[in-house]
Amino acid sequence: MPQVIEQIDTRTAPEGLLRSLNDLYDQWDLEWRPGEPLTPFAQRLVDWRHFREHVDIPRWIARDGGDVVATSGLFHHRTEDRDNSFGWVYVNQAYRGQGLGRGMLRSAIEYAQGDGRKRYLTLEPACSDQVFWPEKLGIKPVYNERVSQLRTSEVDREMLQDWIDRASERAGDYDVLLLKSPLPDEMVEKAVQLADVMNNAPLEDMEEDPRHWTVDEWRALEATESLRHREVLGYYAVHRPSGEFVGYTNVAYQNLHPAVAYQWDTGVDPSHQNLGLGRWLKASMMKVLLDEYPDIEIVETENAESNDPMLNINVAMGFKPAFEQVVYQGSIDLVLDYVK
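Read on for an overview of the structure. (Residues numbered from 1 in each chain as written. Predicted model: local features only at pLDDT ≥ 70, side-chain atom pairs only at ≥ 80, totals over all residues. Heavy atoms only, no water.)

### Focus: the overall build of the protein chain
Thought 1: Within the protein chain, the secondary structure is distributed over 10 helices and 13 strands.
Thought 2: Its C-alpha atoms give the protein chain a radius of gyration of 21 Å, within 12% of the compact-globule value 20 Å for 340 residues.
Thought 3: Expressed as lengths along the three principal axes of its C-alpha atoms, the size of the protein chain is roughly 65 × 35 × 35 Å.
Thought 4: Excluding contacts between residues fewer than 6 apart, the proportion of contacts in the protein chain whose partners are at least 24 apart in sequence is 75%.
Thought 5: Counting only carbon and sulfur atoms, one obtains 47% of the accessible surface of the protein chain, whose full area is about 15,300 Å².
Thought 6: Computed over 35 positive and 58 negative side-chain charges, the separation of the two mean positions in the protein chain equals 3 Å. (Helix = DSSP H or I, 4+ residues; strand = E, 2+ residues; numbered from the N terminus. Rg over C-alpha atoms; globule rule 2.2 N^0.38 Å. Contact = heavy atoms within 4.5 Å. Areas by Shrake-Rupley, 256 points an atom, 1.4 Å probe, with all protein chains shown as cover. Lys, Arg positive; Asp, Glu negative; His and termini not counted. Charge placed at Lys NZ, Arg CZ, Asp CG, Glu CD.)

Have a look at this one:
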């Protein structure tokens, strides 16, 4: 069994090392996401080389000879949600049951504690044989998530148009507007302020601070996603009498992995709900993806199992459950006591 656990910075690590880490991630995806096209190394490489200045993503690996056989890491936002540390551990199936995962986790938890974090979160799919370990740490399931996929070949275009026609009749005081990154200077502040609506999304039992985007941080995201060869597309609902942005949906298109696009957020201001704006936005976005991005085979999205309004829209559109994930959360001190 490999004995040395080392921290790496993917922004500067040798490409050969990252190729070996990519091989491990391919194993991870084949185990957790069967049937989904594997992410090309070219896409992972730019994702690992570039991330926003507002986040910290330390990683650790263990090698057996030249092969990376285990990895762990953390996601820390530097200015918001400072109590939470979101982490992961993955060990090659052939190396499990030997204590390697505990060592990988120890390195991450000691880092998180040194950064002043109080709670550790991790996510495990129901199909993984690693699901037993979070509760051994003393942390509990707090959030159930459904990962859903829509195959573009199965989209009902007539239904999309029907949604658009009905919504435009019900919501006569509204327009929908397609904006691709970078957002125009005269609109970016309204779009960023609207993103606060996602704080209304169900958290179930998860403890997390409200998220508040700034223009500077959004511009940093746009710049980073451009370096990662991604396009961010947003459809926005505009209330004509006030000129305010009151709803939106956004999607990331990957130029280096065009087979899979990721549906990010969809939200409507509560005072403008029940007018069909959510369906109008989602249907309009899907038409753009079908017409302008024909290489997309799958659109993937994630929702809380308790988010019935959004799940209902997704199911009606044709999204099908791919797998279930569970977020576990608990005290950093409890986890550290276990891994010492």
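Right, picking up where we left off after that structure.
### What to know about the nonpolar core
Thought 1: Counting 32 residues, the largest nonpolar core has L160, L277, M286 and L289 as the members making the most contacts within it.
Thought 2: The leading source of residues in this core is helix α8 (residues 277-292), at nine residues.
Thought 3: Residues in contact with L289, not counting those within four places in the same chain, are L233, V251, P294, I296 and V299.
Thought 4: Counting 23 residues, the second largest nonpolar core, distinct from the first, contains V69, M104, L137 and V339. (Core = buried A, V, L, I, M, F, W, Y, C linked by side-chain atoms within 4.5 Å. Buried < 20%, exposed > 50% of the residue type's maximum accessible area, 1.4 Å probe, protein only.)

### So, helix α3 (residues 100-114)
Thought 1: Taking 1.5 Å of rise per residue, the 15 residues of α3 would be expected to cover 21 Å, and the 22 Å separating its terminal C-alpha atoms lies within 8% of that figure.
Thought 2: Those residues of α3 that fall on the buried side of the exposure criterion are L100, G103, M104, L105, A108, I109 and A112.
Thought 3: Just beyond α3, the residue with positive phi is G116, at close to 80°. (Expected span 1.5 Å × (residues − 1).)

### Some thoughts on the environment of E208
Thought 1: Within the fold, E208 resides in the loop between α6 (185-194) and α7 (215-227).
Thought 2: Between the alpha carbons of E208 and D81 there is a distance of 6.4 Å; along the sequence they are 127 residues apart.
Thought 3: Apart from the residues lying within four places of it in its own chain, the contact partners of E208 are D81, N84 and L203.

### A look at the pairing of strand β13 (residues 320-331)
Thought 1: Taken together, the seven bridges between strand β6 (residues 119-125) and β13 define a ladder with antiparallel strand orientation. Each bridged residue has a counterpart across the sheet, and for L121 the counterpart in β13 is Q329.
Thought 2: Note: strand β7 (residues 140-151) against β13, nine bridges, orientation antiparallel. Across the sheet, V147 pairs through a bridge with F323, a residue of β13. (Pairing = 2+ DSSP bridges.)

### Points about the environment of P258
Thought 1: Take P258: it is sitting in the loop between β10 (244-254) and β11 (260-268).
Thought 2: For P258, a relative accessible area of 22% corresponds to the partly exposed category.
Thought 3: Along the sequence, P258 and M286 sit 28 residues apart, while their C-alpha atoms lie 15 Å from each other.
Thought 4: Residues in contact with P258, not counting those within four places in the same chain, are Y253, D295, I296 and E297.

### Looking at the pattern of salt bridges
Thought 1: Within the structure shown, the criterion is met by 27 salt bridges.
Thought 2: In this structure, the salt-bridge partner of D47 is R230, at a minimum N-O distance of 2.8 Å. Here the residue D47 occupies a position in helix α2 (residues 41-49), and R230 occupies one in strand β9 (residues 230-239), the gap between them amounting to 183 residues. With respect to class, D47 is no different from R230; both count as buried.
Thought 3: Two residues, E225 and R228, come together in a salt bridge whose shortest N-O distance is 3.1 Å. Residues E225 and R228 agree in their burial class; the two are buried.
Thought 4: Ionic contacts of the salt-bridge type, sharing partners, join the residues R33, E36, E300 and E302 into one network. (Salt bridge = Lys/Arg side-chain N within 4 Å of Asp/Glu carboxyl O.)

### A short note on α7
Thought 1: Along its 13 residues, α7 runs 19 Å from first to last C-alpha, staying within 8% of the 18 Å computed at 1.5 Å per residue.
Thought 2: All of the buried residues in α7 are E217, W218, A220, L221, E222, T224 and E225.
Thought 3: Contacts from the buried residues of α7 go to β4 (67-77), α6, β9, β10 and β11.
Thought 4: Where α7 ends, the next residue or the one after it, H229, has phi of about 60°, a positive value.

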